[in-house]
Amino acid sequence: MANNKARILVVDDEAMVRRLLCQKLSREGYQCQEADGARQALAKLRDDQVELVILDIKMPGKSGIELLPEIKTGYPDTAVIMATALSDANIITQCMKQGAYDYICKPFDLAEVLLSVEGVLDKRRLELEIKKYQQHLEEKVDEQTKEIRKVFLGAIEALAFALEAKDKYTAGHSRRVTEIAVAIGKEMGLSANDLEDLRWGGLLHDVGKIAIDQLIQNKPGELTAEEYEHIMTHPHVGAGIVKPVVNDRVVEMIEHHHDYYDGSRREQDSDGEGIPLGARILAVADAFDAMTSDRPYRSAMSISEALSEIKKCSGSQFDPAIVDAFYKIPVAGIVLAEA
Ligand SMILES: [Fe+2]
């Protein structure tokens with residue numbers, strides 16, 4: 001029988017009772033241990049794996065009723081059968097509510113004890129199997145959710161790169177912005193999770209440009225107010241595109257990556273630290289890469305010109321703390337390596 005090798009702990013202050021139960025159960029193939037009270041019981045539970053405890057309700061010191069919740073919390077996979085000489089229905093009900101599987105009454109009918117033990121061990125085994133199956137299912141669902149998310153993100157990322165690749169002015173922009181932003185984040189001591197968010201924010205920050213009129217985006221001359229407004233819808237559009245597959249921090253980062261630190265852009269509703277940190281980092285990285293790349297309406301600035309422009313806008317367009325961190329990273333190395 002599957003349960004015959006089960007380890008059973010008999011907790012009772014009366015040595016005779018313990019011996020009687022252990023003899024009977026051992027004869028049936030169970031591995032029995034004895035404890036004369038709560039303290040010894042907890043020590044044995046700590047040291048050995050026990051599948052079932054037969055727990056006397058009335059013991060000197062800590063009673064079985066008091067010990068039961070401790071066993072259920074500390075050893076949730078251990079089943080408990082209460083043993084009682086009391087025929088108090090309230091106490092028995094209380095024990096069953098607290099997680100006891102069954103109860104047996106003194107003086108014991110050993111055949112009934114055996115039936116109870118077998119029934120409880122069967123129930124416990126089934127419960128553990130269901131638990132294991134549920135855990136396995138949850139892991140499977142988790143794994144598949146991650147896989148689906150990865151595929152979606154990969155598709156959006158590919159879309160963003162394809163969008164940039166067909167335009168010689170923006171080819172490689174998101175990759176470079178990501179590298180600069182992550183370098184700033186590392187300089188600022190951001191956590192691995194925050195850096196991962198920053199990476200996704202950088203790669204996807206301009207994906208909303210898919211909705212922007214290419215003629216306006218590549219217009220060689222100065223933009224009208226209306227055209228500028230149209231281009232500036234891309235952070236909001238991009239945030240909407242990525243929302244189903246990235247976390248809220250990345251969505252916010254994309255939504256706000258053109259916000260000015262001093263709150264002076266008409267479209268923004270927050271300023272300073274109210275703008276998500278990732279968006280403030282992306283703003284510097286994005287501006288630097290845009291300035292050092294050719295645009296339809298102007299040629300690329302030199303690195304030193306772009307650096308001094310960033311410095312000039314510290315406190316107005318950019319967060320000064322991020323500009324400081326940006327100045328500490330090997331910017332030239334990153335940009336030139338990608339050029
Ligand atoms: Fe942008």
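Residues numbered from 1 in each chain as written. Predicted model: local features only at pLDDT ≥ 70, side-chain atom pairs only at ≥ 80, totals over all residues. Heavy atoms only, no water.

Participant: Is there a simple way to think about the overall build of the chain in this case?
Facilitator: Looking only at helices and strands, the chain features 15 helices and five strands. The C-alpha radius of gyration of the chain comes to 34 Å, more than 25% above the 20 Å expected for a compact globule of 339 residues. Seen through its principal axes, the chain has C-alpha atoms that stretch 100 × 35 × 35 Å. Taken over 339 residues, the chain has a buried fraction of 44%. (Helix = DSSP H or I, 4+ residues; strand = E, 2+ residues; numbered from the N terminus. Rg over C-alpha atoms; globule rule 2.2 N^0.38 Å. Buried < 20%, exposed > 50% of the residue type's maximum accessible area, 1.4 Å probe, protein only.)

Participant: What is the right way to read the packing of aromatic side chains from this model?
Facilitator: Tallying each qualifying case throughout the model produces two aromatic pairs. On the numbers, 6.2 Å between centres and 85° between planes, the contact of F326 with Y327 is edge-to-face. Through a chain of ring-to-ring contacts, the aromatic side chains of F288, F326 and Y327 assemble into a single cluster. If you follow K123 out to its NZ or CZ, it ends over the ring of Y101, 4.6 Å from the centre. Over the ring of W200 we find R199; its NZ or CZ atom is 5.1 Å from the centre of that ring. (Phe/Tyr/Trp six-rings, centres within 6.5 Å; stacked < 30°, edge-to-face > 60°. Lys NZ or Arg CZ within 6 Å of the ring centre and 35° of its normal.)

Participant: Got a minute to help me understand the environment of G240 in this structure?
Facilitator: Take G240: it is sitting in helix α10 (residues 234-242). Considering only alpha carbons, one finds G240 and S270, 30 residues apart in sequence, at a separation of 19 Å.

Participant: Any chance you could explain empty space enclosed by the protein here in plain terms?
Facilitator: Leftover empty space is mapped by rolling, across the atoms, a probe with the size of a water molecule. Applying the stated rule across the entire model yields one cavity of 30 Å³ or more. Taken as a whole, the largest cavity spans an internal volume of roughly 110 Å³. Taken together, L163, E164, K166, D167, T170, H173, D206, K209, Q214 and Q217 make up the lining of the largest cavity. Within the residue set of the lining of the largest cavity, elements represented by two or more residues are α5 (110-165) and α8 (214-217). Residues of the lining of the largest cavity, tallied by class, amount to one nonpolar, four polar and five charged. (1 Å grid on protein atoms, 1.4 Å probe; cavity = no way out; pocket = protein on both sides within 12 Å on 5 of 7 lines; lining within 4 Å. Points joined across faces, edges and corners; volume = space filled by probe spheres on them. Nonpolar A, V, L, I, M, F, W, Y, C, P; charged D, E, K, R; others polar.)

Participant: Looking at this model, I keep getting lost on the coordination of the iron ion. Mind explaining?
Facilitator: Where a metal carries four tetrahedral donors, each ideal angle is 109.5 degrees; where it carries six octahedral donors, the ideal angles are 90 or 180 degrees. Distances from the iron ion to its protein donors, namely D206 (OD), H234 (NE2), H257 (NE2) and H258 (NE2), fall within the range 2.2 to 2.3 Å. Relative to the metal, the four donor atoms surrounding the iron ion lie at angles of 84 to 171°, and the coordination shape comes out irregular. Donor residues for the iron ion, ordered by position in the chain, follow D-x27-H-x22-H-H. Note that H234 is positioned in helix α10 and H257 in the loop between α11 (248-255) and α12 (277-291), a separation of 23 residues in sequence. You'll find H234 and H257 in the same group, each marked buried. (Donors = N, O, S within 2.8 Å, 3.2 Å for Na, K, Ca; no water. Tetrahedral: all angles 85-135°; square planar, octahedral: opposite > 155°, others 65-115°.)

Participant: Even after reading the chapter, I still don't get the nonpolar core, so can you show me in this structure?
Facilitator: Membership of the largest hydrophobic core comes to 27 residues, with the highest contact counts inside it found for I184, V284, I310, F318 and F326. Among the secondary structure elements, those contributing two or more residues to this core are α6 (173-187), α7 (192-204), α12, α13 (303-312) and α14 (320-328). Top contributing element to this core by residue count: α12, with eight residues. (Core = buried A, V, L, I, M, F, W, Y, C linked by side-chain atoms within 4.5 Å.)

Participant: Would you take a moment to explain the pattern of salt bridges for this structure?
Facilitator: A side chain with one charge may pair with a side chain of the opposite charge, provided their charged atoms come close. Enumeration according to the criterion identifies 20 salt bridges in this entry. Here D206 ties to K209 by a salt bridge, and the two come within 3.4 Å at their closest N and O atoms. Under the relative-accessibility criterion, D206 is labelled buried at 7%. For the salt bridge of D319 with R280, the shortest nitrogen-to-oxygen distance reads 2.6 Å. With a gap of 39 residues between them, D319 in the loop between α13 and α14 and R280 in helix α12 connect regions that are remote in the sequence. We classify D319 as buried; its relative accessible area is 4%. Assessed through its relative accessible area of 9%, R280 is described here as buried. By sharing partners, the salt bridges in this structure join D12, D56 and K106 into a single network. (Salt bridge = Lys/Arg side-chain N within 4 Å of Asp/Glu carboxyl O.)

Participant: When you look at the layout of surface pockets in this model, what are you seeing that I'm missing?
Facilitator: Quantified by volume, the second largest pocket comes out at close to 200 Å³. For the second largest pocket, the full set of lining residues is E229, M232, T233, P235, H236, E255, H256, D259, R265, E267, Q268 and D269.

Participant: Where do I start with the environment of G238 in this structure?
Facilitator: Within the secondary structure layout, G238 lies in helix α10. Assessed through its relative accessible area of 0%, G238 is described here as buried. Sequence spacing of G238 and C32 is 206 residues, and the spatial spacing of their C-alpha atoms is 66 Å. Residues in contact with G238, not counting those within four places in the same chain, are V207, G208 and I254. (Contact = heavy atoms within 4.5 Å.)

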